[in-house]
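# Structural overview for review
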Amino acid sequence: MATYSLANERLRALEDIEREIGAILQNAGTVILELSKEKTNERLLDRQAAAFTASVQHVEAELSAQIRYLTQVATGQPHEGSSYSSRKDCQMALKRVDYARLKLSEVARTCEQMLEN
């Protein structure tokens, strides 16, 4: 159950980031619209530019946090709510077993050939 709530929390955070990016685009559009006018409203431009900068910094921080989390998950470091590391360890162990079987069968064939000669 905790895995689903953690995943849902991550998805909600990404949705918030997406909404924030929408706000960034809206602020940029407002600034461009205001700049296209003959007489610009300096206070509006300052407010929109400040909101744009704050939003970009917030999105950058949130995306960096998401990337750090995904990097931790992908590198196999243990963390709460994931079985990725365990599955990867199991897959690697199975590959090692297959490799050992292959090498043992090669040794057995070599021994049989030597005994025949």
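Residues numbered from 1 in each chain as written. Predicted model: local features only at pLDDT ≥ 70, side-chain atom pairs only at ≥ 80, totals over all residues. Heavy atoms only, no water.

Under an unreviewed UniProt entry, the chain has the name Mediator of RNA polymerase II transcription subunit 11 and belongs to Camelus dromedarius. Looking at the Sequence similarities (unreviewed entry) heading of the UniProt record, one finds this comment for the chain: "Belongs to the Mediator complex subunit 11 family." Under the heading Subcellular location (unreviewed entry), UniProt records this for the chain: "Nucleus". (UniProt positions renumbered as here; feature names shortened; annotations may be inferred.)

A separate point is the domain arrangement of the chain. Partitioning the chain into structural domains gives domain 1 (1-77) and domain 2 (79-116). Between the C-alpha centres of domain 1 and domain 2 the distance comes to 47 Å. (Domains from an automatic or database assignment.)

Turning to the pattern of salt bridges, a few remarks are in order. Counted under the stated rule, the structure contains four salt bridges. Its salt-bridge partner being K37, residue E34 comes within 3.2 Å of it at the nearest N-O pair. Given a relative accessible area of 42%, K37 falls into the partly exposed group. Two residues, R101 and D98, come together in a salt bridge whose shortest N-O distance is 3.6 Å. With R101 and D98 both in helix α3 (residues 84-116) and three residues apart, the pair spans about one turn of that helix. (Salt bridge = Lys/Arg side-chain N within 4 Å of Asp/Glu carboxyl O. Buried < 20%, exposed > 50% of the residue type's maximum accessible area, 1.4 Å probe, protein only. Helix = DSSP H or I, 4+ residues; strand = E, 2+ residues; numbered from the N terminus.)

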